[in-house]
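These are the residues of each chain, in order.
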Amino acid sequence: MYKEIYLVDDEDLVNTINAIHFRRMGLEERVKSFTNPELALDDLRFRENPNTKTLILLDINMPEMSGFEFLEFMMLEDFSESNEVLLVTSSESDADKEEAKKYEKYVKEFITKPLQISHLEDYLQSSYKK
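Notes on the structure follow. Fair warning: this is a prediction, and the values are worked out from it, not measured in the lab.

## Details of the pairing of strand β4 (residues 83-89)
Most of β4 sits out of view: seven of its seven residues are buried. The two faces of β4 match: Asn 83, Val 85, Leu 87 and Thr 89 on one face and Glu 84, Leu 86 and Val 88 on the other face are all buried. Considered for its hand, the β-α-β crossover made up of strand β3 (residues 54-58), helix α3 (residues 67-76) and β4 is right-handed. One ladder, built from five bridges, connects β4 with strand β5 (residues 107-112); its direction is parallel. Directly across from Leu 86, in β5, lies its bridge partner Glu 109. Between the parallel pair β4 and β5, the chain is carried across by helix α4 (residues 94-101), and the sense of this crossover is right-handed.

Take a look at the structure:
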């Protein structure tokens, strides 16, 4: 069970829609929403317990910092593997899918927007069984 859920997308509307999905599942109190990936990264860095099981929904194409740059910082700073990332992006690029494989320590799925609540529910159910 995830203790925290980070929504990281430069589009506030996307974060709002994803937050609604989590509210429908009764998980809204765990959600933190960020339109600036640098702020999300700082929040992750300075948590009281860096090993808290956390789900991060991360966009790739953002102006301040790309999702891949975000993941690179996670790798360089050796973030705990308790941080699991779902790349939720409008990109269908094979190059982006290949790039995502470099971060398989964290990236669990590559999902094309819009995120469907059924997909999210299936993912959460399968992660609970692990």
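That covers the picture; the talk isn't over yet.
## A word on the nonpolar core
By size, the foremost hydrophobic cluster in this structure holds 22 residues, and its most contacted members are Ile 56, Leu 58, Phe 70, Leu 71, Met 74, Val 85 and Leu 87. Elements supplying a minimum of two residues to this core: β1 (4-8), α2 (37-45), β3, α3 and β4. For this core, the element with the most residues is α3, which contributes four residues. If sequence neighbours within four positions are ignored, Ile 56 has contacts with Tyr 6, Val 8, Leu 44, Phe 70, Met 74, Asn 83, Glu 84, Val 85 and Leu 86.

About the criteria used
- Residues numbered from 1 in each chain as written.
- Predicted model: local features only at pLDDT ≥ 70, side-chain atom pairs only at ≥ 80, totals over all residues.
- Heavy atoms only, no water.
- Buried < 20%, exposed > 50% of the residue type's maximum accessible area, 1.4 Å probe, protein only.
- Helix = DSSP H or I, 4+ residues; strand = E, 2+ residues; numbered from the N terminus.
- Right-handed = clockwise from strand over helix to strand, strands pointing away.
- Pairing = 2+ DSSP bridges.
- Core = buried A, V, L, I, M, F, W, Y, C linked by side-chain atoms within 4.5 Å.
- Contact = heavy atoms within 4.5 Å.

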